[in-house]
Amino acid sequence: MGQIHRLVVDILKPHEPPLVEFTQEIDGIEGVDATTSSLIELDQEVQNVKLSIEGEELDLERLEDAVENLGGTVHSVDEVSCGEYIVEDRPTLQD
Amino acid sequence: MGQIHRLVVDILKPHEPPLVEFTQEIDGIEGVDATTSSLIELDQEVQNVKLSIEGEELDLERLEDAVENLGGTVHSVDEVSCGEYIVEDRPTLQD
Amino acid sequence: MGQIHRLVVDILKPHEPPLVEFTQEIDGIEGVDATTSSLIELDQEVQNVKLSIEGEELDLERLEDAVENLGGTVHSVDEVSCGEYIVEDRPTLQD
Amino acid sequence: MGQIHRLVVDILKPHEPPLVEFTQEIDGIEGVDATTSSLIELDQEVQNVKLSIEGEELDLERLEDAVENLGGTVHSVDEVSCGEYIVEDRPTLQD
Amino acid sequence: MGQIHRLVVDILKPHEPPLVEFTQEIDGIEGVDATTSSLIELDQEVQNVKLSIEGEELDLERLEDAVENLGGTVHSVDEVSCGEYIVEDRPTLQD
Amino acid sequence: MGQIHRLVVDILKPHEPPLVEFTQEIDGIEGVDATTSSLIELDQEVQNVKLSIEGEELDLERLEDAVENLGGTVHSVDEVSCGEYIVEDRPTLQD
Amino acid sequence: MGQIHRLVVDILKPHEPPLVEFTQEIDGIEGVDATTSSLIELDQEVQNVKLSIEGEELDLERLEDAVENLGGTVHSVDEVSCGEYIVEDRPTLQD
């Protein structure tokens, strides 16, 4: 069963901890090599963030636990790449 | 007869197993080298997912069996590449 | 007279044989090196498919015969590349 | 005076000879190295085609003669590149 | 915990110091290797600027202090990259 | 003072000489290495053409003289690149 | 404090000196390696031009002086890059 090498998830998080500390905590999860967080939108209570993480052996459960320990939730899993390399999603005539 | 090297299919699946486990199961099919799943949309019952898989010798029947064993169905086959290399679909004036 | 190295055709085909087998049959034509089929649209009776094929010495007649043997028809020939290399169609101010 | 290395022309042609043979004939013109024909539109009588040809020493007169011998006409010359290399047309703020 | 290697922030700043001096001051922060400032919009009182900074070990607090010392404020943190390399944010079907 | 290495100009020209001969004449100007002409639009009297020329030491006056000798006029100078290399115009948030 | 390596400014200039001479004068400023001017729009009195300049050690004051000596004004500074290399401004979800 192939290892997960890239995950793109949509999360909701409170304003604290702020995005920088939040991203560093996510990047500190075992198996994660690099992380980019992009702010989608924010209101007074929460931030909606797109999280792209890459690594040799990603684990969604560890990611969800970490997000929850930081007061957030994984709202949806938008892209999952696994196997010997990362297949890029390419536009097709059906998109 | 050329081997299939890339398949892009549109599937419907229940929420369980979730997308990560689902993608790993697909990636575990004989002949599959790498897999990317992209969430198209979801409602309370099902997830609609675009599955891009690559490998030296892909087999749609094995893919359909695996998707069905996971409770889903292959809704449509959107792109098929076979032969000595992968021809990229390029936009033409007729698209 | 230059050999044809890339052909993009628009075909109509019945649902049987399905797109994977259909693409493999096309890829099995003499002179074809690689093939990508992209689903444009489908209804209850037919599938409309964009077929991109490459090879050292493509022959439209052989392609048409093969498509017809599979129950389909070549609806239009959308792009033809021939010569010592493939000239990419580039957008101009007149497109 | 620089040699012409790329020409993009818009042509009108009857359905016969079909696009594949037509393209091969164009590619057979002296000085032409490679040719791509893209179907713009067609009606019952004619096909409107964008022809991109490259070569070391292209000659529009020879191209026009060949198109006319095949029953077509060069409707407009849309892009001409000449000199020591091909300058790509790049978008500017005035396009 | 991974180091921050790229930060994109949205700032509000007064017209003085002007954008060039402002950018040089930001680039002078410890840990910053390179900086690009892009003007989003301006009115009579303030400039709204997108600041992209890269470095081996970025520190948001030092950035905020520097921006405030220059009379501005960090309005939002829009993108944070950390880890062994920079994961590019790629469009998904959910964007 | 830096030499001009790329010029993009918008010209109006009569139908004679046609675009191919016109482009070759422009390419024959001293200092010009390569030229691409793109038809913007045409009416019964004139052709409006975008001319992109590159060379080690371009001279607008020589270009204007040549265009006028061919019966045309330089309508506007849209892009000028000079110096040790060509800086590509990149989109900014102000475009 | 990092050196400025790229500046994109929006300027207003009279028709004289014309864009070619103007660009050459800008390129002649100490510290400038290469310059591209792109015409944004023009009316009877002035030209609005986007100026992209690169160099090892750019100086806005010298640029402003040069623009003013040529009868123009720097209307806005749209992009400033400084540091060890040029960080490209990349689109984010907030643009």
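The rules we used
Residues numbered from 1 in each chain as written. Chains lettered and ligands numbered in written order. Predicted model: local features only at pLDDT ≥ 70, side-chain atom pairs only at ≥ 80, totals over all residues. Heavy atoms only, no water. Helix = DSSP H or I, 4+ residues; strand = E, 2+ residues; numbered from the N terminus. Rg over C-alpha atoms; globule rule 2.2 N^0.38 Å. Contact = heavy atoms within 4.5 Å. Areas by Shrake-Rupley, 256 points an atom, 1.4 Å probe, with all protein chains shown as cover. Lys, Arg positive; Asp, Glu negative; His and termini not counted. Charge placed at Lys NZ, Arg CZ, Asp CG, Glu CD. Buried area = accessible area lost by both parts, 1.4 Å probe. Salt bridge = Lys/Arg side-chain N within 4 Å of Asp/Glu carboxyl O. Polar contact = N/O pair within 3.5 Å; in protein donor to acceptor, adjacent residues only side chain to side chain. Pairing = 2+ DSSP bridges. Least-squares fit on C-alpha atoms with pLDDT ≥ 70 in both. Buried < 20%, exposed > 50% of the residue type's maximum accessible area, 1.4 Å probe, protein only. Phe/Tyr/Trp six-rings, centres within 6.5 Å; stacked < 30°, edge-to-face > 60°. Lys NZ or Arg CZ within 6 Å of the ring centre and 35° of its normal. Patch = residues over 30% accessible without salt bridge, like charges linked within 9 Å, V, L, I, M, F, W, Y side chains within 5 Å.

S.K.: Sorry, what's going on with the overall build of chain A here?
M.R.: Assigned secondary structure in chain A consists of 2 helices and 4 strands. Here the C-alpha atoms of chain A give a radius of gyration of 14 Å, agreeing with the 12 Å that 2.2 N^0.38 yields for 95 residues. Across chain A, contacts joining residues at least 24 apart in sequence account for 71% of those joining residues at least 6 apart. Looking at chain A as shown, the accessible area adds up to about 4200 Å², and 43% of this sits on carbon and sulfur atoms. Looking at chain A, you have 5 positive and 24 negative side-chain charges, and the mean spots of the two groups are 6 Å apart.

S.K.: Is there a simple way to think about the interface of chain E and chain A in this case?
M.R.: Many authors give the size of an interface as the accessible area that is lost as the parts come together. Each side of the interface is counted separately: chain E has 24 residues, and chain A has 22 residues. Taken over both partners, the interface formed by chain E and chain A buries close to 2100 Å², and the fraction arising from carbon and sulfur atoms is 54%. Between the two partners, chain E and chain A, sit 4 salt bridges. When the shortest N-O distance is used, the salt bridge between Asp95 of chain E and Lys50 of chain A registers 2.9 Å. Inspection of the region where chain E meets chain A yields 15 residue pairs in polar contact (both at pLDDT 80 or more). Contributing elements (two or more residues each) for the side of chain E that touches chain A: strand S1 (4-14) and strand S4 (73-83) of chain E. Ranked by the residues each element gives to the side of chain E that touches chain A, the list is headed by S4 of chain E, at 8 residues. Alignment of strand S2 (residues 34-42) of chain A against S4 of chain E, held across 5 bridges, turns out to be antiparallel. Across the sheet, Ser37 of chain A pairs through a bridge with Val80 of chain E, a residue of S4 of chain E.

S.K.: Looking at this structure, I do not really get the relation of the copies chain E and chain A. What am I missing?
M.R.: What connects the two chain copies is a rotation about an axis and a shift along it. Taken as rigid bodies, chain E and chain A are interconverted by a rotation of 51° and an axial shift of 0.0 Å, the fit giving an RMSD of 0.0 Å. Mapped onto chain A, only 12% of the interface residues of chain E are again interface residues, and the two copies thus contact each other with different surfaces.

S.K.: Explain the arrangement of the chains here, please?
M.R.: Kept free of each other, chain C and chain E leave a smallest C-alpha distance of 18 Å between them. There is a gap between chain B and chain F: no contact, and a shortest C-alpha distance of 18 Å.

S.K.: For this particular structure, what's the right way to read the pairing of strand S1 (residues 4-14) of chain D?
M.R.: Taken residue by residue, a regular strand's side chains alternate between the two faces of the sheet. Residues and elements named next belong to chain D. The element S1 is largely enclosed, with a buried count of 9 among its 11 residues. By the bridge criterion, 10 bridges tie S1 to strand S3 (residues 46-58) in an arrangement that is antiparallel. What sits directly across from Val9, in S3, is Leu51. With 8 bridges connecting them, S1 and strand S4 (residues 73-83) associate as antiparallel partners. Each residue of the ladder has a partner; that of Asp10, found in S4, is Ser76.

S.K.: Explanation requested: the pattern of salt bridges in the structure shown.
M.R.: Once their charged atoms are close, side chains differing in charge can pair, the charge on each being opposite to the other. Residue and element names in this part refer to chain B. Inspection of the entire model under this criterion finds 49 salt bridges over all chains. For Glu88, the salt bridge identified is with Arg6, shortest N-O distance 3.0 Å. Here Glu88 is found in the segment after strand S4 (73-83), whereas its partner Arg6 is found in strand S1 (residues 4-14), with 82 residues between them in sequence. Looking at Glu88, the relative accessible area reads 31%, which means it is partly exposed.

S.K.: I keep staring at the interface of chain D and chain C and nothing clicks. Help me out?
M.R.: Residue-level contacts link 23 residues of chain D with 24 residues of chain C. When chain D packs against chain C, the two sides together hide about 2100 Å² of surface, and 54% of this comes from carbon and sulfur. Our count for the chain D to chain C interface comes out at 4 salt bridges. Run the count over chain D and chain C and you get 14 residue pairs in polar contact (both at pLDDT 80 or more). Within the residue set of the side of chain D that touches chain C, elements represented by two or more residues are S1, helix H1 (19-27), strand S2 (34-42), S3 and S4 of chain D.

S.K.: So what exactly am I meant to see when it comes to the packing of aromatic side chains here?
M.R.: Given two aromatic rings, their pairing is described by the distance between the two centres and the angle made by the two planes. This structure, assessed with the given rule, holds 0 aromatic pairs over all chains. Above the plane of the ring of Phe22 of chain C lies Lys13 of chain C, whose end atom (NZ or CZ) is 5.3 Å from the centre.

S.K.: I keep staring at the pairing of strand S3 (residues 46-58) of chain A and nothing clicks. Help me out?
M.R.: Most of S3 of chain A sits out of view: 10 of its 13 residues are buried. Taken together, S2 of chain A and the strand that follows it, S3 of chain A, pair antiparallel across an intervening segment of 3 residues.

S.K.: Is there a simple way to think about the relation of the copies chain D and chain C in this case?
M.R.: Mapping chain D onto chain C leaves a residual RMSD of 0.0 Å; the transformation is a rotation of 51° accompanied by 0.0 Å of translation along its axis. Here only 13% of the contact residues of chain D are again contact residues in chain C; the copies associate through non-equivalent surfaces.

S.K.: Hey, could you run me through the environment of Leu93 of chain D in this one?
M.R.: Checked against the element boundaries, Leu93 of chain D lands in the segment after S4. It is 24 Å that separates the C-alpha atoms of Leu93 of chain D and Cys82 of chain D, two residues lying 11 residues apart in sequence. With sequence-adjacent residues up to four places away left out, Leu93 of chain D is seen in contact with Asp95 of chain F together with Ser38, Leu39, Ile40 and Lys50 of chain G.

S.K.: Help me understand a negative patch on the surface, please; the structure alone is not making it clear to me.
M.R.: Together, Glu16, Glu21 and Glu25 of chain A together with Glu61, Asp65 and Glu68 of chain E give the surface a local cluster of negative charge. If you tally residues by element for the negative patch, the top one is helix H2 (residues 60-69) of chain E, at 3 residues. Checked against the element boundaries, Glu68 of chain E lands in helix H2. Its relative accessible area of 49% is what places Glu68 of chain E among the partly exposed residues.

S.K.: Any chance you could explain helix H1 (residues 19-27) of chain G here in plain terms?
M.R.: Turn by turn, an α-helix covers 3.6 residues, leaving residues three or four places apart pointing in a common direction. Burial runs high along H1 of chain G: 7 of the 9 residues are buried. Within the span of H1 of chain G, buried status applies to Leu19, Val20, Phe22, Thr23, Gln24, Ile26 and Asp27 of chain G.

S.K.: Explain the side chain of Asp33 of chain C here, please?
M.R.: Within the fold, Asp33 of chain C resides in the loop between helix H1 (19-27) and strand S2 (34-42). Buried and unpaired, Asp33 of chain C has Arg62 of chain C as its nearest opposite-charge partner, separated by 10 Å.

So far we have only geometry, and geometry alone does not tell us how the molecule works.
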